[in-house]
Amino acid sequence: MDWGTELWDQFDVIERHTQWGLDLLDRYVKFVKERTEVEQAYAKQLRFSQQQSFLQILQEVNDFAGQRELVAENLSVRVCLELAKYSQEMKQERKMHFQEGRRAQQQLESGFKQLENSKRKFERDCREAEKAAQTAERLDQDINATKADVEKAKQQAHLRSHMAEESKNEYAAQLQRFNRDQAHFYFSQMPQIFDKLQNMDERRATHLGAGYGLLSEAELQVVPIIAKCLEGMKVAAAAVDAKNDSQVLIELHKSGFARPSDVEFEDFSQPMNRVPSDSSLGTPSDGRPELRGPARSSRAKRWPFSKKNKTVVTEDFSHLPPEQQRKRLQQQLEDRNRELQKEVDQREALKKMKDVYEKTPQMGDPASLEPQITETLNNIERLKLEVQKYEAWLAEAESRVLSNRGDSLSRHTRPPDPPASAPPDSSSSSNSGSQDNKESSEEPSLEGQDTPIYTEFDEDFEEEPASPIGHCVAIYHFEGSSEGTISMAEGEDLSLMEEDKGDGWTRVRRKQGGEGYVPTSYLRVTIN
């Protein structure tokens, strides 16, 4: 079938249908775009208890919606379909009864018409018989009428009188038949039809009342689960921990920088370097006042909140603040150690397999394992070097964090400086110079800090959970046939190991052992 053949005269229908399809496509694109924005914002705020509570509420709302879908399904199957089917049966039965009643009415009306016809015929025959009798009597008294005319008139009157008598008998029989049919119609036939209609209507009312009960029953079935959903929303609302969210924000964005030191006094009144040929103001030859000290150069590096240049990502994460650099290096070191342990375990397994092949040659060729063993050894060496590199970087970052923390504490607890009214002595000048040198030495690291303190965090900051973060129940059966998936039975309790990252899959652990991914839509998830 094609539109050109089947819908040749439905131009308006095709126009509306194609426009509807394009509108649907646009709405879906808009929906996906908004969903993308929501997912991005959700990924950035996932660590906060506010967001976790919101996620829990959304899950409860999802369960709530599932129960409403169950209500809709029950109402559709048990009420709508059954009552619609019963309504069709009632309509057919009602149609049959009314057809029977109409046939009875038509038969009674037909009998009444026959009665009226016989009545009119009897009346007409009586008038004609009376007229024929009068004609015969008039001719009999007329002296001018012949005997033949008189006899003919009498015969005609006798015939008409006989026809009137037959019409009378027919009318009487038809009247008797109609009265009998009418009595049967009003006292037997129609009451039976009305009784059948009454029985049908009572059965309809009974089924409708049962439908009303099914409506309330469908609601009552989901009330306990909906109450649990609402209770879960209440628990999620109570789980919002403002203090913990503040601590999470600190852990995510703590830079580890030391607070700026005090601004040193710069004395411009000591060495004026006056020369007799110079002006009394002591200005240099170019006419501009001479500025001494690093005040202008150190001003820019004192404020980490100013706008930074574009970030240059480095392997040792030196582009990050010290505290964040330490965390990232610690995470990378743990990842490398896990990979190294995995390669070591693989090497041991290959060695055992090689020993088995050497002892039992029919199981395999030991030489076939040499390339894998060589590749594993190379990976081990590479990972050991990377571990050493990250350990060195981590030690340096930790010392930097401790140094900044100690400097900040010492500056916070030291006594206040003497008043700046007296000019500093040589020792204070040397200290000022050393402090300037210290600030100058710190300047590259501060200026190289290209990202703001309040940087956006990403998923790389998240540590892989070592224990279940919740539990879930399988709503449907799933057969994990592909790599990385795991099978589960309907109603099975599972441990939640990793939430859905937006790809539609959730990592779970079975009670009897084994982890893998299953579809998120097949689960009812509860986060601890």
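Up top is the structure.
Residues numbered from 1 in each chain as written. Predicted model: local features only at pLDDT ≥ 70, side-chain atom pairs only at ≥ 80, totals over all residues. Heavy atoms only, no water.

Examining the packing of helix H3 (residues 49-141) against helix H4 (residues 147-238)
Any two packed helices are characterised by how steeply their axes cross, that is the angle between the axes, and by the distance between the axes. The geometry of H3 relative to H4 is characterised by a closest axis approach of 7 Å and an angle of 175° between their N-to-C directions. One element, H3, and the other, H4, form an angle in the roughly antiparallel class. The residue makeup of the contact of H3 with H4, split by class, is 46 nonpolar, 20 polar and 24 charged. (Axes fitted to C-alpha atoms, helices over the stretch in contact; angles between N-to-C directions. Helix = DSSP H or I, 4+ residues; strand = E, 2+ residues; numbered from the N terminus. Parallel < 35°, antiparallel > 145°, perpendicular 65-115°, else oblique. Nonpolar A, V, L, I, M, F, W, Y, C, P; charged D, E, K, R; others polar.)

Some words on the sheet that holds strand S4 (residues 515-519)
With antiparallel pairing, 5 strands are arranged side by side in an open sheet as S4-S3-S2-S1-S5. The strands lining the two open edges of the sheet, one partner per strand, are S4 and strand S5 (523-527). On average, each strand axis in the sheet is tilted by 40° relative to the strand beside it, whichever way the strands run. Where strand S1 (residues 470-474) meets S5, 5 bridges bridge the pair, whose relative direction is antiparallel. The residue bridging Val-473 from the neighbouring strand is Arg-524, located in S5. (Pairing = 2+ DSSP bridges.)

Thoughts on H4
The terminal C-alpha atoms of H4, which comprises 92 residues, lie 130 Å apart, in line with the 136 Å expected from a rise of 1.5 Å per residue. Of all the bends in H4, the largest measures some 45° and sits at Phe-185. (Expected span 1.5 Å × (residues − 1). Bend = angle between axes of the 7 residues up to and from the residue.)

Structural notes on the environment of Arg-510
Looking at the element boundaries, Arg-510 is found in strand S3 (residues 505-510). Its relative accessible area of 21% is what places Arg-510 among the partly exposed residues. Along the sequence, Arg-510 and Leu-494 sit 16 residues apart, while their C-alpha atoms lie 5.2 Å from each other. Dropping the residues within four chain positions of it, Arg-510 is found in contact with Ile-486, Ser-487, Glu-492 and Leu-494. (Buried < 20%, exposed > 50% of the residue type's maximum accessible area, 1.4 Å probe, protein only. Contact = heavy atoms within 4.5 Å.)

Some points on the nonpolar core
If you look at the biggest cluster of nonpolar residues, it comprises 13 residues, and the most contacted ones within it are Phe-185 and Met-190. Only H3 and H4 provide two or more residues apiece to this core. At 7 residues, H4 tops the list of elements feeding residues into this core. Ignoring any residue separated from it by four or fewer positions in sequence, one finds Met-190 in contact with Gly-101, Ala-104 and Phe-185. Counting residues in each nonpolar core, the second largest holds 12 residues, with Phe-317, Val-344, Leu-383 and Leu-394 among its members. (Core = buried A, V, L, I, M, F, W, Y, C linked by side-chain atoms within 4.5 Å.)

Let's talk about the side chain of Glu-93
On the secondary structure map, Glu-93 appears in helix H3. According to the relative accessible area criterion, Glu-93 is buried, its value standing at 19%. Not counting the four nearest positions on each side in its chain, Glu-93 is found in contact with Met-200 and Arg-203.

Brief notes about unusual backbone geometry
Positive phi outside glycine occurs at Phe-317, with the angle close to 60°. Relative to the assigned elements, Phe-317 resides in the loop between helix H6 (295-299) and helix H7 (322-359). On the basis of relative accessible area, Phe-317 is assigned to the buried category, the value being 9%.

Thoughts on the pattern of salt bridges
Overall, the coordinates contain 20 salt bridges when judged by the stated rule. Where Glu-219 meets Arg-68, a salt bridge forms, and the shortest distance between an N and an O atom there is 3.0 Å. Here Glu-219 is found in helix H4, whereas its partner Arg-68 is found in helix H3, with 151 residues between them in sequence. As a salt-bridge pair, Arg-160 and Glu-128 come within 2.8 Å of each other at their nearest N and O atoms. Taken together, the positions of Arg-160 in helix H4 and Glu-128 in helix H3 put the pair 32 residues apart, joining distant regions of the chain. (Salt bridge = Lys/Arg side-chain N within 4 Å of Asp/Glu carboxyl O.)

A word on a nonpolar patch on the surface
A cluster of nonpolar side chains, contributed by Leu-22, Leu-25 and Val-29, occupies part of the molecular surface with about 280 Å² of accessible area. Among the structural elements, Val-29 can be located in helix H2 (residues 11-44). (Patch = residues over 30% accessible without salt bridge, like charges linked within 9 Å, V, L, I, M, F, W, Y side chains within 5 Å. Areas by Shrake-Rupley, 256 points an atom, 1.4 Å probe, with all protein chains shown as cover.)

Let's talk about the environment of Gln-156
Along the chain, Gln-156 turns up in helix H4. A residue is classified by how much of its surface remains accessible, and Gln-156, at 36% relative accessible area, is partly exposed. Sequence separation between Gln-156 and Ala-132 is 24 residues; the distance between their C-alpha atoms is 6.4 Å.

Focus: the pairing of S1
Most of S1 sits out of view: 4 of its 5 residues are buried. Where S1 lies against strand S2 (residues 493-498), 4 bridges are found, and the strand directions are antiparallel. Bridge pairing in S2 places Gly-470 opposite Leu-496.

Overview of the packing of aromatic side chains
Taken as a whole, this structure holds 8 aromatic pairs when the rule is applied. Geometrically, the ring pair formed by Tyr-28 and Phe-31 is tilted, given 6.2 Å between the ring centres and 35° between the ring planes. Placement of both Tyr-28 and Phe-31 in helix H2 is noted, with a separation of 3 residues, approximately one turn of the helix. An angle of 65° between the planes, with centres 6.1 Å apart, marks the rings of Phe-478 and Trp-505 as edge-to-face. On the criterion of sequence distance, the pair formed by Phe-478 in the loop between S1 and S2 and Trp-505 in strand S3 is long-range, its members being 27 residues apart. Residue classification places Trp-505 among the partly exposed positions, given a relative accessible area of 31%. (Phe/Tyr/Trp six-rings, centres within 6.5 Å; stacked < 30°, edge-to-face > 60°.)

Side note on the side chain of Ser-53
Among the secondary structure elements, Ser-53 is positioned in helix H3. The exposure class of Ser-53 is buried, given its relative accessible area of 5%. A polar contact of 2.8 Å, which involves the side chain of Ser-53, links it to the backbone oxygen of Ala-236. Leave out the neighbours within four places in its chain, and Ser-53 touches Ala-236, Ala-239 and Val-240. (Polar contact = N/O pair within 3.5 Å; in protein donor to acceptor, adjacent residues only side chain to side chain.)

What about the environment of Lys-511?
Its location among the elements puts Lys-511 in the loop between S3 and S4. Placed 16 residues apart in sequence, Lys-511 and Ser-495 show a C-alpha to C-alpha distance of 7.5 Å.

Thoughts on the pairing of S3
Direction of pairing for S2 relative to S3: antiparallel, over a ladder of 4 bridges. Paired with Leu-496 across the bridge in S3 is Val-508. The loop that links S2 with its antiparallel partner S3 comprises 6 residues; one of these, Gly-502, has a positive phi angle of about 105°. Linking S3 back to S4 in an antiparallel pair, the connection comprises 4 residues, with Gly-513 at a positive phi of about 105°.

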